[in-house]
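Remarks on the overall topology
Chain residues, written in single-letter form:
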Amino acid sequence: MRSQNAAKRLDVAAPTPSPPSQAQPAKLSVAGLTVTFPVDGTHRTVLEAIDFECHEGELVCLLGPSGCGKSTLLNVIGGFLKPTQGQVLIDGAPVTGPDPRRIFVFQERGVFPWLTVEGNIGFGIQHLPAEERRQRVAHYVEMVGLRGFERAYPAELSGGMKQRLEVARALAVGPDMLYLDESFGALDYITRHNLRRELLHLWATERKTILFVTHDIDESVQLANRVVVMAARPGRIQRVVDIDLPYPRDISSARYLRYRDELLEELGLAHQR
Amino acid sequence: MTLAPARQPAVRLALAARSMAGLGVMVLAWDLALYMSGAPLLPRPWHVVLGMAELLTRGVLLKHVAASLFRVTWGFLLAVAVAVPLGFLLGRNQRVGKALAPLIHLLRPISPLAWIPIAILWLGVGDPPAIFIIFLASTPPLALAAMNAARNVPQVYVHAGRNFGLGPRELFLRVLLPASVPELLVGLRLTLGIAWLVVVAAEMIAVNSGLGFLIVDSRNAGNRYDLVVAGMVLIGVTGLLLDRAVVRLARGYLRGRDMVGDAS
């Protein structure tokens, strides 16, 4: 009920995000990134010579089959994993560890089950004065459509609500980047669809830079300015596809379907003629 | 042993009646067996009830229970204070874990009763050696439980905590500790059971009060087996109540959090 209302509101009100200009300096730049893990005495290369850039306000999807290292890449960018070679620069400074300015959104299992909705959203802003914290929590409760559930524990929420909660917890600290790691992967088709719409809405209103890891081609074509297509063994960038479609995207338009086909082909899943 | 939701009063009554019926059958069998065998020293249920009344009128029943509870409380709290931080250290710090875990595994199979001579040597007689033995018996299992609880905290919570800028201390207090509470509660419950088992044994040696002392003393002072069995019943009942109390606390905490602990 709640999510349908939210979705309807989005349909009418969602402003169309404009594609960010490419002229500005890169927000994120990944250069010559290689990650190897020791396996049985040898070194397995998980990521090899990754180079890409992401501009302020862009929504970039990392798309690839499972095992291509896209989550590993996001973990390196997030500062949870040190690269074997190469570096990650954000606003020109190397990433040395996790940072509240850039929040990771896991699948909905990332919310803290011992805290209520309010407790979760307020988790990262404990240092703020109580009144400001209360207002911010209320603002994000409202934004992700969880009003009436402030005192509920995650166990009482649906999968989609938990995912919204996690996004709200991330946004509450006012980050300038969001990293989403297959965040909608565990949800059902309709919830996933609604959450993508809501994410686009948040992206348009909050102007965050978003990196979204997914193995879902539709997800990437619906969301991204650019899709970084990755290949496996070793994980590398195969191609970068700019998705030049206005938002909100019509998922049955001919151009949408062409992009979809193009990505299917990149992943070797196209229908054999 | 899963944590069931609180039941309806009618259902609870029915369940209570059923467990009472089991108890009744056992008491009946006990009485019947003694009636038919005519064993001389063993008390029949009725004698035990009278014995219990005698302890009550002499004013020693509560004294013994309180003495045992006092020792358990201190031994157990000391163990919690040492074992929980130690367990977290073992669970979250690989180097410390690798260095110390074998030691704990080595200490665990040594019966706490084996420590009695050393406890008396170090601490003399009275409460300290008894408390020390409870502490010794409770620490290894609790440390291992805390270690596992700390290890089993999902990595995503730790990552989320670090992502929000928490340092080690805050990470412990705001993520690791709350996330491992359900498992920790199971460890606390089992350990309290162990502590209670051990206090009675410890009291048979070094003290002159408590339920363990009551049992040994009643036998030595004129083969009062009615009082021996009364002591046993009191141990069982008190242990049961202790366990229920922990489960109640656990249930109160875990309710609604979908952090189903292993407690029922």
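Per chain, residue numbering runs from 1 following the sequence as it is written. As a convention, the first chain written is A and the first ligand written is 1, with the rest following in written order. Totals for whole chains, interfaces and linings use all residues, but because this is a predicted model, local features are given only for residues with pLDDT of at least 70 and pairs of side-chain atoms are given and counted only at 80 or more. Values shown for side chains rest on all heavy atoms present in the structure; no hydrogens or waters enter the calculation.

Some remarks on the state of the cysteines
All names here are of chain A. When two cysteine sulfur atoms lie within 2.5 Å, the pair is treated as a disulfide. Considering all chains together, one arrives at zero disulfides over all chains under this definition. The cysteine Cys54 is free of any disulfide, with Cys61 supplying the nearest cysteine sulfur at 11 Å. Just so you know, Cys68 is unpaired, no disulfide at all, and the nearest cysteine sulfur is the one on Cys61, 13 Å from it.

Quick notes on the pairing of strand S1 (residues 26–39) of chain A
Residues and elements named next belong to chain A. We treat two strands as partners when DSSP finds at least two bridges between them. Segments assigned H or I by DSSP are reported as helices when at least four residues long, segments assigned E as strands when at least two residues long, and all are numbered from the N terminus. Judged from the ten bridges that link them, S1 and strand S2 (residues 42–55) form a sheet pairing that is antiparallel. In the sheet register, Val35 faces S2, and the bridge partner there is Leu47. The antiparallel pairing of S1 with S2 creates a hairpin that spans two residues between the two strands, and Asp40 there sits at a positive phi of about 50°. Pairing of S1 with strand S4 (residues 85–90), which is carried by five bridges, proceeds in the antiparallel orientation. Within S4, the residue paired with Leu28 across the bridge is Ile90.

As for the packing of aromatic side chains
Pairing of aromatic side chains here covers Phe, Tyr and the six-membered ring of Trp, requires ring centres within 6.5 Å, and sorts the geometry by plane angle: under 30 degrees stacked, over 60 edge-to-face, intermediate tilted. Counted according to the given criterion, the structure contains twelve aromatic pairs over all chains. Judged by centre distance (5.4 Å) and plane angle (85°), the ring pair of Trp114(A) and Tyr157(B) falls under edge-to-face. Of the two residues, Trp114(A) is situated in the loop between strand S6 (102–105) and helix H3 (117–121) and Tyr157(B) in helix H7 (residues 155–163); the pairing between them involves two chains. Residue exposure (1.4 Å probe, protein chains only): buried if accessible area is under 20% of the type maximum, exposed if over 50%, otherwise partly exposed. Residue classification places Trp114(A) among the buried residues on the basis of a relative accessible area of 5%. In this structure Tyr157(B) comes out as buried when scored by relative accessible area, which is 12%. Taken together, a centroid distance of 5.4 Å and an interplanar angle of 70° make the contact between Trp203(A) and Tyr247(A) edge-to-face. Separated by 44 residues along the polypeptide, Trp203(A) in helix H6 (residues 189–206) and Tyr247(A) in the loop between strand S10 (236–242) and helix H8 (254–266) bring together distant segments of the chain. Exposure class is identical for Trp203(A) and Tyr247(A). Each is buried. The structure contains a cluster of three or more aromatic residues connected by ring pairs, namely Phe112(A), Trp114(A), Phe123(A), Tyr157(B) and Phe164(B). Placement of a charge over a ring requires the Lys NZ or Arg CZ to be within 6 Å of the ring centre, with the centre-to-atom vector within 35 degrees of the ring normal. Residue placement shows Arg207(A) over the ring face of Trp203(A); its charged tip is 6.0 Å from the ring centre. Its guanidinium or amino end placed over the ring of Phe123(A), Arg174(B) lies 4.1 Å from that ring's centre, counting from NZ or CZ.

Quick word on the side chain of Ser209(B)
Residues and elements named next belong to chain B. In this fold, Ser209 is placed in the loop between helix H8 (168–206) and helix H9 (211–220). Distance and chemistry together define a polar contact, namely a pair of N or O atoms within 3.5 Å, with one atom able to donate a hydrogen and the other to accept it when in protein, and with adjacent residues in sequence counting only for side-chain atoms on both sides. Engagement of the side chain of Ser209 in a polar contact is seen with the side chain of Arg71, the distance being 2.7 Å. Note on contacts: a residue pair qualifies if any of its non-hydrogen atoms lie within 4.5 Å across the two residues. With residues near it in sequence (within four places) discarded, Ser209 still touches Lys63, His64, Ala67, Arg71 and Glu203.

Thoughts on a nonpolar patch on the surface
Residues enter patches when their relative accessible area tops 30% and they take part in no salt bridge; the joining distance is 9 Å for like charges and 5 Å for the nonpolar side chains Val, Leu, Ile, Met, Phe, Trp and Tyr. All accessible areas in this document rest on Shrake-Rupley with a 1.4 Å probe, and a residue is counted as covered only by the protein chains that are shown. Throughout this description, the term salt bridge denotes a Lys or Arg side-chain nitrogen within 4 Å of a carboxyl oxygen of Asp or Glu. Nonpolar side chains collect at one region of the surface, where Leu100(B), Leu103(B), Leu106(B), Leu107(B) and Ile110(B) lie side by side and expose about 410 Å² of accessible area between them. Along the polypeptide, Leu100(B) turns up in helix H4 (residues 94–107).

Structural notes on the environment of Leu269(A)
Residue and element names in this part refer to chain A. If you trace the backbone, Leu269 turns up in the segment after H8. On the accessibility criterion, Leu269 (53% relative accessible area) is exposed. In contact with Leu269, not counting residues within four places along its chain, are Ile217 and Leu264.

Re the environment of Thr42(A)
Residues and elements named next belong to chain A. Checked against the element boundaries, Thr42 lands in strand S2. Overall, Thr42 belongs to the partly exposed group, its relative accessible area being 49%. Considering only alpha carbons, one finds Thr42 and Gly185, 143 residues apart in sequence, at a separation of 32 Å.

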